[in-house]
Every structure is written in structure tokens, then in C-alpha cells.
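Structural overview
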Amino acid sequence: MTMPSPVPRPRPPRLAFLTVPLLVGLFYNAISLLTLPFSGDTLNRVLEQLDAATGQPPVTLTPEQVMTVLWVSFFLTAALILLLYFTRRAVLEGRSWGRVASIVIAVLSLLLFPVGTVMGIVMLIGAFDRDVQAYTRR
């Protein structure tokens, strides 16, 4: 005896309010990850400018410290990319944890003025839409 396949539910129109900003964040962070190996010299230049602006004694990172900063940045960015990917996938599949993770990402995006703030507001509008809430009840 075969089980009848579940009837696919139509996606609500405001689901795109969640999925599009997640996709934009995914691509932005992927590009950031690709440019990361070229930003080693930039760290010391930024520190020099900061020291000149504040009048503090100069601070320079050793090559080992630069490598440590780059590796930590690599792993944090890679983890963020995975979070965005799996959250977007879960939202498209109608899973409730995807909506909750989207709300958390949206609230944190509000701090990234100006583009992140707009995307965070759009995501919150989409996350609290009744049709989206009903769609993501799995």
C-alpha cells in the first residue's frame, strides 16, 4: 500500500520578504569570503590610520597575528554563510525553525545601517505575515 503524497502548499507572496534578503546576505558574505585572503595588508594600514587619528603609539600586527585574524574571520564568515543557506532552505520548505532563525537574523541585521536596517525591516514584515506564519508551521 502506498502513501498518498502530500499536496504541496502554495508559497505565500510575502515569503520572498524572507528569502530574498537571505539570498542577498548569502551572496554578499560569499564575495566577502572570497576577498578575505587579500586583506592581510589592509589590517595594518587600518591600525596605522586609527593610531594617527587617536594619537596613540603605533600598533602593528605580526604576520602570525594577521594570519590568526584572517583564519578567525574565515571561519566566522563560513559559519554565517552556512546559517544563511540552511535558514533560507528551511523557510522555503516551510519549517518553523527557519522562520525563527530569520527573525533572529533580521533583528541582528537592523544594526547594519543603512542596507542591513532596510533588509531587517523587510524580513520582519515577512516573518510576521499571517500567511508566512501559517506556511512555516512544520
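Keep in mind that this is a model prediction, so the values were computed, not measured. (Residues numbered from 1 in each chain as written. Predicted model: local features only at pLDDT ≥ 70, side-chain atom pairs only at ≥ 80, totals over all residues. Heavy atoms only, no water.)

Focus on helix α3 (residues 63-93)
For α3, built from 31 residues, the straight-helix expectation of 45 Å at 1.5 Å per residue is met to within 8% by its first-to-last C-alpha distance of 45 Å. Among the residues making up α3, those that are buried are V66, L70, T77, I81, L84, T87, A90 and V91. Against the buried residues of α3 lie α1 (16-35), α2 (40-54), α4 (96-109) and α6 (130-135). (Helix = DSSP H or I, 4+ residues; strand = E, 2+ residues; numbered from the N terminus. Expected span 1.5 Å × (residues − 1). Buried < 20%, exposed > 50% of the residue type's maximum accessible area, 1.4 Å probe, protein only. Contact = heavy atoms within 4.5 Å.)

A short note on the nonpolar core
L15, L18, L22, L84, I105 and M123 are the most contacted members of the largest nonpolar core, which has 15 residues in total. Sorting the residues of this core by element identifies α1, α3, α4, α5 (115-127) and α6 as the ones contributing at least two each. Residues within four places of M123 in sequence aside, it is in contact with F17, L18, P21, L22, S102, I105 and A106. (Core = buried A, V, L, I, M, F, W, Y, C linked by side-chain atoms within 4.5 Å.)

Quick notes on the packing of α2 against α3
Contact pair α2 / α3: the axes reach a minimum separation of 9 Å and the direction vectors enclose 110°. Comparing the axis directions of α2 and α3 gives the class roughly perpendicular. As for the relative orientation of α2 and α3, their crossing is right-handed in sense. Across the interface between the two elements, G40, L43 and N44 of α2 pack against V66, V69 and L70 of α3. Class assignment for the residues of the contact of α2 with α3 results in four nonpolar, two polar and no charged. (Axes fitted to C-alpha atoms, helices over the stretch in contact; angles between N-to-C directions. Parallel < 35°, antiparallel > 145°, perpendicular 65-115°, else oblique. Left-handed = near helix turned anticlockwise from the far one by under 90°. Nonpolar A, V, L, I, M, F, W, Y, C, P; charged D, E, K, R; others polar.)

Quick word on the side chain of D51
Within the secondary structure, D51 is located in helix α2. Put simply, D51 is tucked away with no salt bridge, and the nearest opposite charge, on R45, sits 13 Å away. Those residues in contact with D51, other than ones at most four positions away along the chain, are Q56, P57, P58 and V59. (Lys, Arg positive; Asp, Glu negative; His and termini not counted. Salt bridge = Lys/Arg side-chain N within 4 Å of Asp/Glu carboxyl O.)

Let's talk about the environment of L15
As for its placement among the helices and strands, L15 is situated in the segment before α1. By relative accessible area, which is 3% here, L15 ends up buried. Spatially, the C-alpha atom of L15 lies 8.8 Å from that of Y135, the residues being 120 residues apart in sequence.

Focus on the environment of L92
Note that L92 resides in helix α3. Not counting residues within four places of it along the chain, the set of residues in contact with L92 comprises R11, L15, T19 and Y135.

A short note on the packing of aromatic side chains
In total, this model carries four aromatic pairs according to the counting rule given. An angle of 75° between the planes, with centres 5.3 Å apart, marks the rings of F74 and F75 as edge-to-face. According to the relative accessible area criterion, F74 is partly exposed, its value standing at 30%. The exposure class assigned to F75 is exposed, which follows from its relative accessible area of 54%. The rings of W71, F74 and F75 are connected pair by pair, giving a single aromatic cluster. (Phe/Tyr/Trp six-rings, centres within 6.5 Å; stacked < 30°, edge-to-face > 60°.)

Brief notes about α2
A rise of 1.5 Å per residue sets the reference length of α2, with its 15 residues, at 21 Å; its end C-alpha atoms lie 22 Å apart and thus fit the reference within 8%. Those residues of α2 not exposed but buried are G40, N44 and D51. Take α2 and look down its axis: the buried residues cluster within an arc of 45°, on one side only. α2 presents D41, Q49, A52 and A53 as exposed residues on the side facing more than 90 degrees away from its buried surface. Backbone geometry just after α2 places G55 at a positive phi near 80°. (Arc of directions from axis to C-beta.)

Keep in mind these values describe shape, not function.
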